[in-house]
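Results of the structural survey
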Amino acid sequence: MLLVLATEWFLARRRRGVGRRQWRTAAATRIAIAGLLLAAVFAPVIKRPASRLATVFLSDASDSMGTAGTNAAFDWVREALTHRAPDDVAGVVVFGAEARLEQLVQTSSSLGTKHVVVDASATNLEAAMRLGAALVPDDARKRVVLVSDGRSNTGDPELEAGELGELGVPVDVHVIEPRVGADAAVQRIEVPRVVRSGDSVAITASVLSTTGGPATVVLERDGDEVGRRAVELTAGTNEVVFQDVIGADAGGTARYTAFVDAPGDVQGQNDTAYAGVPIEGPASVLVVEGTPDEGATLAGALRASGLAVQTVVATALPDVRELAAYSSIVLVDVDARDLSGEQLQSLETAVRDLGRGLVTVGGERSYGLGGYRGTPLEDLLPVISEITDPMRRTKVAEVLSFDVSGSMANCHCDEGENRNARIAGGVMKTDISKAAAARTVEALSSEDELGILAWNAGAKWIVDLQQLPSAEVVDSGLRTLKPAGNTDLTDSLTDAADALRASDASLKHIILFSDGFTAVEVIEKVADQAGQLYEQDGITVSVVATGEGAAPSLEDIAIQGHGRFYPGRDLQRVPQVIAEEAVIASRNFINEGTFLPEITSRTPITERLDSSPELLGYVATTAKGTATTALRIGPDRDPLLVSWQAGLGRVSSWTSDASAGWSQRWANWDGYVGFWSNVVTDTFQAGSSTGAVQATLDGGRLQISVEGAASLPDGATATARVAGPDGQRIEVQLERVDGTTFTGELPVSRDGAYAVGAVVEAGGETVLSSSAIANRSYPVEYQPGPADEELLRRISTRSGGRGAVEPAAVFDRAGLRAGTRRFDLRGPLLLLAALLFPIAVALSRLSLRGASVQGAATGLRAAAKSAARKVPSILPADPDNAPTPARSPDRPRRGPVSPAPPPAGTVGDLLAKKRAREQGPDEAAADE
């Protein structure tokens, strides 16, 4: 607006037809407008004290309150609202593990039924207070009222209370006693720090009850019942003692479970608790097999060396609580795709945080062939599942042959041969094809060739076979993929093979992706075709099935095509599987022949290894930079045995197999037992001291203690690594309390197993290393107990509140800091400037002499005529509206002479000025 004002002033800067006094008034008006605009730029605000009161109620709806307690809290808020003054405002927040707004801050004394639903499995007072303080308006006296049992188990409410106090938002409280009814809970199981085979030990189940009455308490060890007690509970803590005898052949960890069954119990979430205790005895090893009996020879060798060995298949890999019972875990030709995300997390926790050893043994389903690339398992290993030497990479020509028939639309289909039943919904399988192609482009090198063939009733090249196309070319082709038509599997290989024959690549490969909805005889025909392609042209064929509805006989195509078959039951993993298959086909991962291992580093494993039989094959990998390579193999000196430290655990990788194929000569070698015993025991925890670490959960804190059997060296330091049930890892520095003990603690909130591994070091050496598992069997929210009145009192005190209040006192203004009401003057200033602007224009352009309506009208007409003369007309001449020519001075006048002053800038104006000069200054002043 300042620019408009300046422009207008420039156009009207010459005084024409207005008096000097009027011109000065117009200039003063313009200056006033400019001042108003400048004042608005700085946004002036007037602050005035506000007397009204704004109160936000925080109503606890967590499970510790019980249904009756939650309703009592809401009823108390309703009663308090009835004491609201007419100008006061109030809002309501409902909270549990989270806080949500139930009612806006408003002038209302009514509160209906509770509508907001929150996660009731925890109590987060901090979140509730933060939201409540954010809702309180600034133009009022502020207050937050917390209605709760005060049993906070998430967040830091006292810290938040201090911050609210600094902001001038006091917190008053009202205590609600939990009303959950009769409840008996297993609070914890007390076990010894360590037990030995053959020991008779006392196990105590601590049962917390809200009322007295009969109950049954049962204790189990590893699923077998140890004892059953019929007890008479009293209100409070009850201790039920069981006696257990540890078997002579027991080893690893004894896992105890306690149950309580009480009539009328209303809270079933807290009826069970868990605990584990390490058993001293022979070291125990878990052998995990990729296929049944794959590790039988190796397991027998370890037993022959005196180790206790358990064997499971990969899909049955136990959780971290059971893995903690073993000194080392051995994976024998395990495909990483057979392990779930939870199993991989448990394995990582056992190794990194509990210090358990890990040995991986190769085979045709391991390392690069087993999907290790880019997984958490590969992160643990001292090798990467890739051949990084570019000189060893073979140029490959790959064709992605995608089924785009109607059955590849978004459906989940029944499994089995030739099933036609489909269920609408699910994943669009052509979208999976698109994602797979994009990942394959990223996985291949720039020298490789790639083509994409789509087929249904016929075949069509989406992307012609060419040197690795750009992502844009691939995307453009993939956008044309639409599921439609019938499935003619016979076209899936023919066009692809024709294109591959013309390529000069050393490796030629087809990846077929289909759900197999076609006749079995057609699949058999294509399988024969795949076999001929391999025999005549060296073209290999791998098959990735959709899993849902895919005919099992699709595997025959991969078998005869000398490729690999992937069931693809998890459709979300199919893109990664196809990309990995493309990499496998472009690398010579499997090396077969006759190879003699080469010792490249003296380690405890190789120092007594003077000779060994030959190996008949291995999987090529690349050793990581900080790993120690003890043995190499093959003409390219690939790693054979590599070790390193992963967190607290030691990990070794053997890239040949265990015995059945490539290591069959080793299985009959006299040194086989000793060699594998050394490999596995080398991964055992260094400086181990069973039971030296104790971890217990008390409320919301994990307490850790490390105790040595003898005095620990001066200057020793202790560190604990804690892995929570969510996979998060935290390192805790422990403090020394005496010559043998270090302690520390950590706030925790989730239920589940907490793996704690601790290391004591002195002078760069590990003098003690041990681990423990602490179990929170259920969220602390469900543990019976009274209201925490002391915490609520501290919260109120730190915030400047009054402590416990009654409903009638909630809207009392006494002692509250006055609010501030802010008046923004920007709008009024801009409005006043806008109103003054046309006045300033009028004062500049219109003569107000005579102060009559007729004179003003004449002045307006004169101003209009003057403007018309200055602006050339762009309209055609109109004789009816043509301007009247100026009257000659000597021309006789017609009609009476108007008393109004002549228009400015006309001949009449000049005559008027002449008359003024002739009248003299006194008469002219009188006219003015």
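Section: the sheet that holds strand β23 (residues 449-455)
Taken together, 6 strands build an open sheet; the order of strands is β24-β23-β20-β25-β26-β27 and the sheet is mixed. The open sheet terminates on both sides in strands that have one partner only, identified here as β24 (459-467) and β27 (562-566). Looking at each pair of strands side by side, their axes are set apart by 10° on average, direction ignored. Both strand β20 (residues 396-403) and β23 contribute to a ladder of 7 bridges, which runs parallel. The partner of Phe 402 across the bridge, within β23, is Ala 454. Its contacts with the sheet place helix α13 (residues 520-537) against β25 (507-514), β26 (539-545) and β27, and it is angled at close to 150° to β26.

Brief notes about the packing of aromatic side chains
The tally for this structure, following the rule as stated, stands at 10 aromatic pairs. Ring centres of Trp 654 and Trp 676 lie 5.4 Å apart, and the angle between their planes is 75°; this geometry places the pair in the edge-to-face category. With Trp 654 in strand β34 (residues 649-654) and Trp 676 in helix α17 (residues 672-681), this residue pair connects regions lying 22 residues apart in the sequence. Taking relative accessible area as the criterion, Trp 654 reaches 1% and is therefore assigned buried. Judged by its relative accessible area of 1%, Trp 676 falls in the buried class. Relative to Phe 675, the ring of Trp 666 has its centre 5.2 Å away and its plane inclined at 75°; by these criteria the two rings are edge-to-face. With respect to burial, Trp 666 and Phe 675 carry one shared label: buried.

Some remarks on the packing of helix α4 (residues 125-135) against helix α5 (residues 157-166)
How two helices pack is summed up by the angle between their axes together with the distance between the axes. In contact at an axis separation of 8 Å, α4 and α5 are set at 20° when each is read in the N-to-C sense. As summarised for this structure, α4 and α5 are arranged roughly parallel, according to the angle between their axes. Two packed elements cross with a definite hand, and for α4 against α5 that hand is left-handed. In this structure, α4 uses Leu 125, Glu 126, Met 129, Arg 130 and Ala 133 to contact α5, whose residues at the interface are Pro 157, Glu 160, Ala 161 and Leu 164.

Overview of unusual backbone geometry
Notably, Asp 293 is not glycine yet its phi reads approximately 70°, a positive angle. Note that Asp 293 resides in the loop between β15 (284-289) and α6 (296-304). In this structure, Arg 637 takes a positive phi of about 50° despite not being glycine.

Regarding empty space enclosed by the protein
Applying the stated criterion across every chain yields a total of 1 cavity of 30 Å³ or more. Its boundaries defined by the atoms lining it, the largest cavity holds a volume of some 40 Å³. Lining the largest cavity, in full, are Gly 368, Arg 373, Ser 385, Glu 580, Val 583, Ile 584 and Phe 589. Residue classes in the lining of the largest cavity are distributed as 3 nonpolar, 2 polar and 2 charged.

Section: the confidence of the model for the protein chain
Keep in mind that low pLDDT regions are not for reading the predicted coordinates in detail. In the predicted model, the protein chain carries a mean pLDDT of 82, and 82% of its residues have values of at least 70. Counting interchain partners and residues more than four positions distant, the pLDDT-below-50 stretch residues 870-900 has 6 contacts. The model gives residues 918-928 a pLDDT under 50, and that stretch makes 4 contacts with residues more than four places away or in other chains.

Overview of the packing of α5 against helix α18 (residues 789-799)
In contact at an axis separation of 7 Å, α5 and α18 are set at 25° when each is read in the N-to-C sense. Our classification of the angle between α5 and α18 gives roughly parallel. Two packed elements cross with a definite hand, and for α5 against α18 that hand is right-handed. Residues Pro 157, Glu 158, Leu 159, Ala 161, Gly 162 and Gly 165 of α5 form the contact with α18, whose own contacting residues are Leu 791, Arg 794, Ile 795, Arg 798 and Ser 799. Considered class by class, the residues forming the contact of α5 with α18 number 5 nonpolar, 3 polar and 3 charged.

Some words on helix α8 (residues 341-352)
Across its 12 residues, α8 extends 16 Å between first and last C-alpha, which sits within 8% of the 16 Å expected from 1.5 Å per residue. The buried count for α8 comes to 9 of 12 residues, which makes it a mostly enclosed element. Of the residues making up α8, those classed as buried are Gln 343, Leu 344, Ser 346, Leu 347, Glu 348, Thr 349, Ala 350, Val 351 and Arg 352.

As for the pattern of salt bridges
Counting across every chain of the model gives 35 salt bridges. For Arg 78, the salt bridge goes to Asp 75, with nearest N and O atoms at 2.7 Å. Taken together, the residues span about one helical turn, with Arg 78 and Asp 75 both in helix α3 (residues 66-81) at a distance of 3 residues. Using a relative accessible area of 26% as the deciding quantity, one classes Arg 78 as partly exposed. Judged by relative accessible area, which is 43%, Asp 75 ranks as partly exposed.

Some remarks on α5
Pro 157, Glu 160, Ala 161, Gly 162 and Leu 164 are the residues of α5 that are buried. The secondary structure elements touched by the buried residues of α5 are α4, β6 (171-175) and α18. Just past α5, the residue Gly 168 takes up positive phi, approximately 80°.

Notes on the sheet that holds strand β42 (residues 803-804)
Here 6 strands make up an open sheet; going across it, the order is β4-β3-β2-β5-β6-β42 and the pairing mixed. Every interior strand has two partners, whereas the edge strands, β4 (99-106) and β42, have only one. In the sheet, strand β3 (residues 89-95) pairs with β4 via 5 bridges, with the strands oriented antiparallel. Bridging from a neighbouring strand, Ala 90 pairs with Gln 106 of β4. Here α3 sits on the sheet in contact with β2 (53-60), β3, β4, β5 (141-148) and β6, set at roughly 165° to β2.

Notes on a negative patch on the surface
Judged by side-chain charge, Glu 521, Glu 524, Asp 528, Glu 555 and Asp 556 come together as a negatively charged surface patch. When contributions to the negative patch are tallied by element, the ones reaching two or more residues are α13 and α14 (554-560). Sorting elements by how many residues they give to the negative patch places α13 first, with 3 residues.

With respect to the side chain of Thr 360
In this fold, Thr 360 is placed in strand β18 (residues 357-361). Side-chain polar atoms of Thr 360 contact the side chain of Ser 653, separated by 2.8 Å. With sequence-adjacent residues up to four places away left out, Thr 360 is seen in contact with Leu 331, Tyr 367, Leu 381, Ser 652, Ser 653 and Trp 654.

Remarks on the nonpolar core
Judged by nonpolar contacts, the single largest core of 63 residues is most densely connected at Leu 358, Ile 452 and Ile 578. A per-element tally of this core places helix α15 (residues 574-585) first, with 6 residues. If you look at the next biggest cluster of nonpolar residues, it comprises 31 residues, including Val 287, Leu 609, Leu 615 and Trp 676.

What to know about the environment of Val 277
For Val 277, the position within the fold is in strand β14 (residues 272-280). What makes Val 277 buried here is its relative accessible area of 1%. It is 8.5 Å that separates the C-alpha atoms of Val 277 and Ile 773, two residues lying 496 residues apart in sequence. Among residues more than four places away in sequence, those in contact with Val 277 are Val 191, Pro 192, Arg 193, Val 194, Val 195, Gly 252, Thr 253, Ala 254 and Tyr 256.

Looking at the pairing of β18
Within β18, 5 of the 5 residues are buried, leaving the element largely enclosed by the surrounding structure. Here strand β17 (residues 328-332) runs beside β18; their pairing, made up of 5 bridges, is parallel. The residue of β18 that forms the bridge with Val 330 is Val 359. In this view, the connection linking β17 to its parallel neighbour β18 by way of α8 has right-handed handedness. Of the pairings in the sheet, the one linking β18 to β34 comprises 4 bridges and is parallel in character. Looking at β34, one finds that Leu 358 is bridged to Val 651.

Cut-offs used in this document
- Residues numbered from 1 in each chain as written.
- Predicted model: local features only at pLDDT ≥ 70, side-chain atom pairs only at ≥ 80, totals over all residues.
- Heavy atoms only, no water.
- Pairing = 2+ DSSP bridges.
- Helix = DSSP H or I, 4+ residues; strand = E, 2+ residues; numbered from the N terminus.
- Axes fitted to C-alpha atoms, helices over the stretch in contact; angles between N-to-C directions.
- Contact = heavy atoms within 4.5 Å.
- Phe/Tyr/Trp six-rings, centres within 6.5 Å; stacked < 30°, edge-to-face > 60°.
- Buried < 20%, exposed > 50% of the residue type's maximum accessible area, 1.4 Å probe, protein only.
- Parallel < 35°, antiparallel > 145°, perpendicular 65-115°, else oblique.
- Left-handed = near helix turned anticlockwise from the far one by under 90°.
- 1 Å grid on protein atoms, 1.4 Å probe; cavity = no way out; pocket = protein on both sides within 12 Å on 5 of 7 lines; lining within 4 Å.
- Points joined across faces, edges and corners; volume = space filled by probe spheres on them.
- Nonpolar A, V, L, I, M, F, W, Y, C, P; charged D, E, K, R; others polar.
- pLDDT = per-residue confidence, 0-100.
- Expected span 1.5 Å × (residues − 1).
- Salt bridge = Lys/Arg side-chain N within 4 Å of Asp/Glu carboxyl O.
- Patch = residues over 30% accessible without salt bridge, like charges linked within 9 Å, V, L, I, M, F, W, Y side chains within 5 Å.
- Areas by Shrake-Rupley, 256 points an atom, 1.4 Å probe, with all protein chains shown as cover.
- Lys, Arg positive; Asp, Glu negative; His and termini not counted.
- Charge placed at Lys NZ, Arg CZ, Asp CG, Glu CD.
- Polar contact = N/O pair within 3.5 Å; in protein donor to acceptor, adjacent residues only side chain to side chain.
- Core = buried A, V, L, I, M, F, W, Y, C linked by side-chain atoms within 4.5 Å.
- Right-handed = clockwise from strand over helix to strand, strands pointing away.

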